[in-house]
Amino acid sequence: MQNDKAYKGQWEKRWHPLRREWVVYAAHRNYRPWNFDIKENKPVFPEYDPECYLCPGNTRVSGLVNPDYKDVFIFDNDHPVVGLHSPVIDESLALLHNGLYKRSKAEGIARVLCYDPRHNVTLSDVSREQAAKVFQALRSEMIFFLKHDKIKSVLIFENKGEIVGVSNPHPHCQIYSTDFVFNVVQKELLATEQYRKEKKQNIFQNIIEAEQKDEIRIIAENKNAIAFVPFFARFAYETYVFPKKRHATLATMNDEELFGLAEVFQTVTKKFDANFKSSFPYVMAFAQAPVDAGNYEDYHMHLIICPPLRQPGLPKFLAGPETGADTFMADTMPEEKAAELRKIIL
Ligand SMILES: [Zn+2]
C-alpha cells in the first residue's frame, strides 16, 4: 500500500469559486509529466487559398463576395445559429403542458470576424498592433450590441484547430449575440452576488490578488493585464486572462488597456505554441456581462482559454463525469501545467 503522503497535492478536490462547483484532481493516477522529444508540427498553408470562404475576394456559400479586405473583416454569418429573421413561434405553441415545456424564437445576431486577410497566420503570430486591432473591432461590436434592444448577451469565441472541429485554418472568431444570457455568465453573476453578500468584496478582484500572492500559476503579466492557470482550472492548460482594471465588457476599455490585453493574450498563446512546437488548439471565449442595461459594476470581464490537449497528441475527452454529470475530473495539477508554461522563454 502506498503512503498517502505520496499523493499530497496530486489528489484532491478544489472549489471553483466562479462556477460554484467542485473540480476533482487525480494527478496521481496515471499521469506522468511528458518530457519526450516532440518534432516541430506546424502545418504549412498558403497565404491565400482560392477555396477558402474567408479569404479576401472569395465567394461565400451565400453567393456574397468578400471584399479585398486588408485588415479586420466582419460579416453576418451565412448560416446563423441565431437570427433576427428566424421563424416566429406561434403563441399557441410557445407554452406546452402548462408551461413545463417552452419554445421561443431563436433570436439573435451571429457574426464572423476575420483577424487578418492572410490565410496562414493565427492570432498568436499576427503583429501586436494587429491583435490589438482585433480587440478594438470586438469593442466596437460590443458598443453596437449594448445599444441593440433585442440583444441581452454576447458570446465572442474562437475554436482553433481541427481537434475542436475547425477545418478552415483562416484566423477568425465568431460572435453569437442572443436575447438570453449565456450560462457561464449566469453562473459567474450568481457567484459574484453571493460573494458580495458573504464577504462584502469583489470575487474577481480577490481571485486576481490570490493568484498574484501565490504567483506560481501566473503565465504572463503587464501593467494592464494578467494571465494565469487558475487554482481551480478544469482543463490541463486552462488559462484566464483579465484586464487589471475592472470592466463589465470590452465596450468600456481604452486603447492602452486593449493593447495590454492583446500583449498578454499573445504571450500566453505563443507559450502554448512553443511548449508543443505546434499551432496549439484551443477554445477561447470572452466572458462578459450581459448587455441588457442592467447594473453589472461588480462583474469583471475576462478571457477563458481551454486547450483540449493534456499533452501532445493526448486529448482530454469529456466523458462520464464531464458529459454525464457536468463535473470536471482533471488528470493534471494546475501548478504543474503552469510551471511548464512559466519555464518557456519567448
Ligand atoms: Zn482563407
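Shown above is the structure to which this text applies.
Residues numbered from 1 in each chain as written. Predicted model: local features only at pLDDT ≥ 70, side-chain atom pairs only at ≥ 80, totals over all residues.

Digging into the overall build of the protein
Within the protein, the secondary structure is distributed over seven helices and 16 strands. The C-alpha atoms of the protein give 21 Å as radius of gyration, which agrees with the globular expectation for 346 residues (20 Å, within 12%). Its C-alpha atoms put the protein at 65 × 55 × 40 Å along the principal axes. Here the protein holds 346 residues, and 36% of them are scored as buried. Considering only intrachain contacts with a sequence separation of at least 6, the fraction spanning at least 24 residues in the protein is 68%. (Helix = DSSP H or I, 4+ residues; strand = E, 2+ residues; numbered from the N terminus. Rg over C-alpha atoms; globule rule 2.2 N^0.38 Å. Buried ≥ 20, exposed ≤ 12 C-beta atoms within 10 Å, placed from the backbone. Contact = placed C-beta atoms within 7 Å.)

Here we look at the sheet that holds strand E13 (residues 302–306)
Read across the sheet, nine strands follow the order E3-E6-E8-E7-E12-E13-E11-E10-E9 without closing on themselves; strand pairing throughout is antiparallel. Each edge of the open sheet carries a strand with a single partner, namely strand E3 (73–76) and strand E9 (218–221). With strand direction ignored, the average angle separating the axes of adjacent strands in the sheet is 20 degrees. Both strand E6 (residues 108–114) and strand E8 (residues 172–178) contribute to a ladder of seven bridges, which runs antiparallel. Within the sheet, the bridge partner assigned to arginine 111 lies in E8 and is isoleucine 175. (Pairing = 2+ DSSP bridges. Axes fitted to C-alpha atoms, helices over the stretch in contact; angles between N-to-C directions.)

A look at the nonpolar core
One finds Phe135, Ala227, Val241, Val264 and Val268 to be the most contacted residues of the largest nonpolar core, which totals 69 residues. With nine residues, helix H5 (residues 255–276) is the largest single contributor of residues to this core. In contact with valine 268, other than residues within four places in its own chain, are Ile219, Ala220, Ala227, Thr239, Val241 and Ile305. (Core = buried A, V, L, I, M, F, W, Y, C linked by C-beta atoms within 7 Å.)

Some remarks on the environment of isoleucine 163
The residue isoleucine 163 is located in the loop between strand E7 (153–160) and E8 in this model. Residue class for isoleucine 163 comes out partly exposed when judged on the 15 C-beta atoms lying within 10 Å of it. Linking isoleucine 163 and proline 307, residues 144 residues apart in sequence, is a C-alpha distance of 9.9 Å. If we ignore the near neighbours within four places in the chain, the residues touching isoleucine 163 are Pro281, Pro308 and Pro315.

What about the sheet that holds strand E1 (residues 11–16)?
Read across the open sheet, the three strands follow the order E1-E2-E16; overall the sheet is mixed. Where the open sheet ends on each side, the last strands, each with one partner, are E1 and strand E16 (329–330). Here E1 runs beside strand E2 (residues 21–26); their pairing, made up of six bridges, is antiparallel. From the neighbouring strand, tryptophan 15 faces E2, where its bridge partner is tryptophan 22.

Quick word on the environment of glutamate 256
Relative to the assigned elements, glutamate 256 resides in helix H5. Separated by 33 residues in the primary sequence, glutamate 256 and lysine 223 place their C-alpha atoms 9.8 Å from one another.

Observations concerning helix H7 (residues 334–343)
Those residues of H7 that fall on the buried side of the exposure criterion are Pro334, Lys337, Ala338, Glu340 and Leu341. Buried positions in H7, seen along its axis, are confined to an arc of 155 degrees and lie on one side of it. Of the surrounding secondary structure, the elements contacted by the buried residues of H7 are E9 and H5. (Arc of directions from axis to C-beta.)

Overview of helix H4 (residues 203–214)
If you check H4, its first and last C-alpha atoms are 16 Å apart, about what twelve residues at 1.5 Å a residue would give, namely 16 Å. Among all positions of H4, only Ile203, Phe204, Ile207 and Glu211 are buried. Taken down its axis, H4 places every buried residue within 100 degrees of arc, on the same side. Residues of H4 that are exposed and point more than 90 degrees away from the buried face comprise Glu209 and Lys213. Its buried side turned inward, H4 meets helix H3 (183–199), E9 and strand E10 (225–228). Positive backbone phi, approximately 65 degrees, marks glutamate 215, located one or two places after H4. (Expected span 1.5 Å × (residues − 1).)

Observations regarding unusual backbone geometry
Within the chain, alanine 293 stands out as a residue other than glycine whose phi angle is a positive 70 degrees. Looking at the element boundaries, alanine 293 is found in the loop between strand E12 (282–287) and E13. Positive phi, normally seen in glycine, also occurs at aspartate 326, with a value near 55 degrees.

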